[in-house]
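Coordinates in review
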Amino acid sequence: MSEEPYLRSRRTLTLRFDIPISKTHEFWDHLRSGKFVTTRCAKCGNVSFPPQSDCPRCMSNQFQWVELGRDATLVTYTHVRTAPASFAGSDPYIIAIGEFPGGLKVLAWLEGVKPDETKPGMKLKVEARTSKEGNPYYVFVRA
Amino acid sequence: VVLASEDMARKLSDTPIWIKGVGCSSDTANVSRRSDYVGLQAAVDASKRAYSMAKVTPQDIDVANVHDCFTIAELMAYEDLGFCKKGEAAKMIREGQTEIGGKIPINLDGGLKAKGHPVGATGVSMTVEITKQLRGEAGRRQAPIKNGVGLVHNIGGTGHYAYVTVLSRN
């Protein structure tokens, strides 16, 4: 079958995200030193992740930092083989939800584990990493 | 679809289809904050509101169109809407309960995955299908209509918006 005639234009789109972190920069500061923390509402005690300066439960803007530790349990995961365009250059990867003691759930990539070794209930650890732009980020690894 | 007041609907059509109940609900967009990954709480809440306004139960629905944007989404919809118990959606399909002659015929037009999902127009096309079904104008894919009640279920975002509409020919 012969190809239809096309006018074809190919351009590269650069994604840029400027995420304001003035109220939650301490999370990133701690992450740089390997510590995993988040916010707890000073009024109602609700613990949020990602860190939130304003409580999604009672709307208070008073909060404290609490340390989450590094141990989590795998709740569920997806093995992404067909990635969105901006991750198309990545090898297939696993996105996981891990639950910390106390019930807080965190979404992150799960690294160093093959999909057929990945089982809900397995023990995970959260690890701090540094991106090529120099930003700290976090992943799960097998405990 | 022509949306009109009761008086105008009676003037415009001999066979108007009535909106008996509407329900909408939202949930967190952040999937990790949800209590359940095999159901959409927004859809559960929206359907309860729509059933309550229409004064019907899931068992009263003759025919439905649900938002099968993915295969799993259709199975979750059956359970969220109360067409079957949690975990029994696959059994419902295997038993043919969602086909013509089954307990509740669903997506007889093929649904989003077979018919198409032009985001924005999808909900309208679902409403058109249920309107045809309730009027007995669906031809070869016509469901038996006993109570004259149909349902449209539409989902948006990462499943954090849900809209349920109960339609009736009475």
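As a reminder, the structure under discussion sits directly above these lines.
Criteria and thresholds
Residues numbered from 1 in each chain as written. Chains lettered and ligands numbered in written order. Predicted model: local features only at pLDDT ≥ 70, side-chain atom pairs only at ≥ 80, totals over all residues. Heavy atoms only, no water. Helix = DSSP H or I, 4+ residues; strand = E, 2+ residues; numbered from the N terminus. Rg over C-alpha atoms; globule rule 2.2 N^0.38 Å. Contact = heavy atoms within 4.5 Å. Areas by Shrake-Rupley, 256 points an atom, 1.4 Å probe, with all protein chains shown as cover. Lys, Arg positive; Asp, Glu negative; His and termini not counted. Charge placed at Lys NZ, Arg CZ, Asp CG, Glu CD. Phe/Tyr/Trp six-rings, centres within 6.5 Å; stacked < 30°, edge-to-face > 60°. Buried < 20%, exposed > 50% of the residue type's maximum accessible area, 1.4 Å probe, protein only. 1 Å grid on protein atoms, 1.4 Å probe; cavity = no way out; pocket = protein on both sides within 12 Å on 5 of 7 lines; lining within 4 Å. Points joined across faces, edges and corners; volume = space filled by probe spheres on them. Nonpolar A, V, L, I, M, F, W, Y, C, P; charged D, E, K, R; others polar. Buried area = accessible area lost by both parts, 1.4 Å probe. Salt bridge = Lys/Arg side-chain N within 4 Å of Asp/Glu carboxyl O. Polar contact = N/O pair within 3.5 Å; in protein donor to acceptor, adjacent residues only side chain to side chain. Pairing = 2+ DSSP bridges.

**Points about the overall build of chain A**
Helices and strands together make up the secondary structure of chain A, namely one helix and eight strands. Along chain A, helices and strands appear, N-terminal first, in the series α-β-β-β-β-β-β-β-β. In summary, chain A has a C-alpha radius of gyration of 19 Å against a globular reference of 15 Å for 143 residues, an excess of more than 25%. If you line up chain A on its principal axes, its C-alpha atoms span 65 × 35 × 30 Å. Partitioning the contacts of chain A with sequence separation of at least 6, the portion at a separation of at least 24 is 47%. Carbon and sulfur atoms make up 51% of the accessible area of chain A, which totals about 10100 Å². Charged side chains of chain A number 20 positive and 15 negative; the gap between the two group centres comes to 3 Å.

**Notes on the packing of aromatic side chains**
Any aromatic ring pair is given by two values, namely how distant the centres are and how the planes are angled relative to each other. All names here are of chain A. Per the counting criterion, the structure on display carries 13 aromatic pairs over all chains. An angle of 40 degrees between the planes, with centres 5.5 Å apart, marks the rings of Phe36 and Phe49 as tilted. Of the two residues, Phe36 is situated in the loop between helix H1 (25-32) and strand E1 (37-41) and Phe49 in the loop between strand E2 (47-48) and strand E3 (63-67); the sequence distance between them amounts to 13 residues. Under the relative-accessibility criterion, Phe49 is labelled buried at 4%. Taken together through their ring pairs, the aromatic side chains of Phe27, Trp28, Phe36, Phe49, Phe100, Tyr138 and Phe140 make up a single cluster.

**Brief notes about the layout of surface pockets**
Its volume calculated, the largest pocket comes out at about 1800 Å³. Lining of the largest pocket is provided by 32 residues; of these, Phe17, Ile19, Trp28, Phe87 and Tyr137 of chain A occupy positions nearest its centre. Secondary-structure elements contributing two or more residues to the lining of the largest pocket are H1, strand E6 (105-111) and strand E8 (136-142) of chain A. Taken together, the residues of the lining of the largest pocket sort by class into 20 nonpolar, eight polar and four charged. Reported here for the second largest pocket is a volume of approximately 910 Å³. Elements that contribute at least two residues to the lining of the second largest pocket include exactly strand E4 (71-80) and strand E5 (93-99) of chain A together with helix H3 (71-80) and strand E3 (149-156) of chain B. Top contributing element to the lining of the second largest pocket by residue count: E4 of chain A, with four residues. Of the residues in the lining of the second largest pocket, the class split is 15 nonpolar, nine polar and two charged.

**Some points on the interface of chain B and chain A**
Every contact between the two is made by six residues of chain B and, on the other side, ten residues of chain A. Summed over both partners, the interface of chain B with chain A comes to about 560 Å²; 51% of that surface belongs to carbon and sulfur atoms. Among the residues of chain B in contact with chain A, Ser32, Arg33 and Tyr37 of chain B are the three that bury the most area, contributing 83% of the side total. Summed over the shared surface of chain B and chain A, the result is zero salt bridges. Taken together, chain B and chain A are joined by two residue pairs in polar contact (both at pLDDT 80 or more). When grouped by side-chain class, the residues that make up the side of chain B that touches chain A number two nonpolar, two polar and two charged.

**Comments concerning the environment of Val124 of chain B**
Residues and elements named next belong to chain B. Examined against the element boundaries, Val124 turns out to sit in helix H6 (residues 122-135). Given the relative accessible area of 41%, Val124 is considered partly exposed. When the C-alpha atoms of Val124 and Thr15 are compared, they prove to be 18 Å apart, with 109 residues separating the residues in sequence.

**Digging into the pairing of E6 of chain A**
Residues and elements named next belong to chain A. Of the strand pairs in this sheet, E5 and E6 are connected by six bridges, and their pairing is antiparallel. Within the sheet, the bridge partner assigned to Ile97 lies in E6 and is Leu107. Connecting the antiparallel pair E5 and E6 is a turn made up of five residues, with Gly102 showing a positive phi of about 105 degrees.

**So, the sheet that holds E3 of chain A**
Residues and elements named next belong to chain A. Spatial ordering of the open sheet is given by E2-E1-E3, a layout of three strands whose pairing is antiparallel. Two strands close off the open sheet at either side, each with one partner strand: E2 and E3. Taken together, the five bridges between E1 and E3 define a ladder with antiparallel strand orientation. Within E3, the residue paired with Cys41 across the bridge is Phe63.

**Observations concerning empty space enclosed by the protein**
Residues and elements named next belong to chain A. Summed over all chains, the structure comprises one cavity of 30 Å³ or more. As a volume, the largest cavity reaches approximately 40 Å³. Lining the largest cavity are Thr39, Arg40, Cys41, Asn46, Ser48, Gln52, Ser53, Cys55, Pro56, Ser60, Gln62 and Phe63. Looking at the lining of the largest cavity, the element that brings in the most residues is E1, giving three residues. In terms of residue class, the lining of the largest cavity is built from four nonpolar, seven polar and one charged.

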